[in-house]
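# Summary of the model geometry
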Amino acid sequence: MDDLITFSIAVFTGFFAITNPISNMTVFLSLTQGADTKTKEDINKRANLIAFIIVLVFVLLGKYIFELFNISIPAFKITGGILIFYIGFEMLQSKQSNVKNIKHVNIDENIAVSPLAIPILAGPGTIVTAMNFVSSAQPVHIAIVIAIFGFMSLLTYFTFRLSNLIVKLVGFNVISVIGKIMGLIIAIIGTGMIIEGIKLSFDLMTN
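Residues numbered from 1 in each chain as written. Predicted model: local features only at pLDDT ≥ 70, side-chain atom pairs only at ≥ 80, totals over all residues. Heavy atoms only, no water.

If you add up the space inside the second largest pocket, you get close to 260 Å³. In this structure, the second largest pocket is lined by 14 residues; those nearest its centre are Phe7, Lys77, Asn132, Phe133 and Glu196. Broken down by element, the lining of the second largest pocket gets its largest block of residues, five residues, from helix H9 (residues 172–206). A per-class count over the lining of the second largest pocket returns seven nonpolar, five polar and two charged. (1 Å grid on protein atoms, 1.4 Å probe; cavity = no way out; pocket = protein on both sides within 12 Å on 5 of 7 lines; lining within 4 Å. Points joined across faces, edges and corners; volume = space filled by probe spheres on them. Helix = DSSP H or I, 4+ residues; strand = E, 2+ residues; numbered from the N terminus. Nonpolar A, V, L, I, M, F, W, Y, C, P; charged D, E, K, R; others polar.)

This is the structure in structure tokens:
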């Protein structure tokens, strides 16, 4: 039971850091600026639902994706860890990650699919994080990952819905600080994945 609680906390921390609802809230506001309330609500719902489905597919089919492309778990962890570290490092440098760089987008409901669902909410970092947690997990761990990401999707939905109020109460400076803290956590998670991948590689070589 203690192991499951520790695993759940690690999954929640990883998803919260990489999806970062507070920072992504400002992206949502900029993309939907000038849209009416109903349009914002529709975009919000679609974006989070699509993001959840994308991550769900990778969580459930990750093992088969590995086998199809002959991807080893150590290689995945090392490469994924580098990607996660890079995203976190750019957040610490107050840069918007090029992995999910956003250009000007016309206001229509298609932005719910791209760029909001992909790559903002379910970008490479989110997918790598999810697949890392289930790469060698038991069914109960997979269920925990799905449940926690579902909770994160709900949390992101309500954060976007209350975005105007939150910005007024908190201010952009506090949001910027939160973004840097999340960047540090993401970089640490990435480093941990790299170390774990290297250890697994040595274990495979010695066995």
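Counted under the stated rule, the structure contains two cavities of 30 Å³ or more. Taken as a whole, the second largest cavity holds about 60 Å³ of empty space. If you trace the second largest cavity, you find it lined by Thr19, Asn48, Ala51, Leu121, Phe149, Met152, Ser153 and Thr156. Listed by contribution, the elements that provide at least two residues to the lining of the second largest cavity are helix H3 (37–68) and helix H7 (139–161). Sort the elements by how many residues they give to the lining of the second largest cavity and H7 lands first, with four residues. Tallied by class, the residues present in the lining of the second largest cavity amount to four nonpolar, four polar and no charged.

Further remarks concern the nonpolar core. Grouped together as the largest cluster of nonpolar side chains are 45 residues, with contacts concentrated most on Val11, Phe15, Leu116 and Val145. The element best represented in this core is H3, accounting for seven residues. (Core = buried A, V, L, I, M, F, W, Y, C linked by side-chain atoms within 4.5 Å. Buried < 20%, exposed > 50% of the residue type's maximum accessible area, 1.4 Å probe, protein only.)

The interhelical angle for the contact between H3 and helix H6 (residues 124–134), taken along N-to-C directions, is 55°, at an axis separation of 9 Å. On the basis of the axis angle, H3 is oblique to H6. As for how H3 packs across H6, the hand of that crossing is right-handed. For the pair H3 and H6, the contacting residues are Ile54, Val55, Phe58, Val59, Gly62 and Phe66 in the first and Thr126, Ile127, Ala130, Met131 and Val134 in the second. Residue composition of the contact of H3 with H6, by class: nine nonpolar, two polar and no charged. (Axes fitted to C-alpha atoms, helices over the stretch in contact; angles between N-to-C directions. Parallel < 35°, antiparallel > 145°, perpendicular 65-115°, else oblique. Left-handed = near helix turned anticlockwise from the far one by under 90°. Contact = heavy atoms within 4.5 Å.)

A few words now on the environment of Gly14. Relative to the elements of secondary structure, Gly14 occurs in helix H1 (residues 2–19). Judged by relative accessible area, which is 1%, Gly14 ranks as buried. Considering only alpha carbons, one finds Gly14 and Phe133, 119 residues apart in sequence, at a separation of 9.4 Å. Each residue touching Gly14, except ones within four places of it in the same chain, is listed here: Thr129 and Ile189.

Evaluated as defined, the whole model comprises four salt bridges. For the salt bridge of Lys38 with Asp42, the shortest nitrogen-to-oxygen distance reads 3.0 Å. Here Lys38 and its partner Asp42 are both found in helix H3, four residues apart, which amounts to about one turn of the helix. Given a relative accessible area of 60%, Lys38 falls into the exposed group. Three or more residues joined by partner-sharing salt bridges are found here, namely Glu41, Lys45 and Arg161. (Salt bridge = Lys/Arg side-chain N within 4 Å of Asp/Glu carboxyl O.)

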